[in-house]
Amino acid sequence: MPHFLADCSESIFKLRSEEEIIETIHLAAKSTELFNENDIKVRVNSYKKYSTGNKVENFIHVFAHIMEGRNNSQKADLSRKIVQALTSFLPAVPNIGTNVIEFENSNYCNRNKL
């Protein structure tokens, strides 16, 4: 925990490698100091076919899944830092966004909780 799932256009890999994108998201999340670096998980899903506002333009959107307990300011800062890092890293990509989704501790389970 936390999990950062990035959806993007497949052609974005002509600009930067998947590994570089993963590292950029990881470093942005780490920079918030909200998470232990060893707990940050990043995955990328790419799409060949998609529509962005009835057009076909490169995009990347990060869904940040985090455990509940952060305030709105911390969550907004997390979103902002991810978008800023990706915008600097991928200046030619017109569609860059993120949102934060919270897990509820009461219904979250992983192997360590068994």
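Scroll up to find the structure this text is about.
Engineer: Which parts of the structure should I look at to understand the pairing of strand E1 (residues 3-9)?
Structural biologist: Looking along a regular strand, one sees the side chains alternate between the two faces of the sheet. With respect to burial, E1 is a largely interior element, 6 of its 7 residues being buried. By the bridge criterion, 7 bridges tie E1 to strand E2 (residues 41-47) in an arrangement that is parallel. Opposite Phe 4, over in E2, you have Val 42 as the bridge partner. For the handedness criterion, the β-α-β arrangement of E1, helix H1 (residues 18-31) and E2 is classed as right-handed. Judged from the 6 bridges that link them, E1 and strand E3 (residues 59-67) form a sheet pairing that is antiparallel. Across the sheet, Leu 5 pairs through a bridge with Phe 63, a residue of E3.

Engineer: Is there a simple way to explain unusual backbone geometry in this structure?
Structural biologist: Among all residues save glycine, negative phi is the norm, and among peptide bonds the norm is trans. The linkage connecting Met 1 with the following residue, Pro 2, adopts the cis geometry, with an omega of 0 degrees. Topologically, Pro 2 is positioned in the segment before E1. Within the chain, Glu 33 stands out as a residue other than glycine whose phi angle is a positive 60 degrees. In this fold, Glu 33 is placed in the loop between H1 and E2. When its relative accessible area of 73% is taken as the criterion, Glu 33 is described as exposed.

Reading the values: the criteria
Residues numbered from 1 in each chain as written. Predicted model: local features only at pLDDT ≥ 70, side-chain atom pairs only at ≥ 80, totals over all residues. Heavy atoms only, no water. Buried < 20%, exposed > 50% of the residue type's maximum accessible area, 1.4 Å probe, protein only. Helix = DSSP H or I, 4+ residues; strand = E, 2+ residues; numbered from the N terminus. Pairing = 2+ DSSP bridges. Right-handed = clockwise from strand over helix to strand, strands pointing away.

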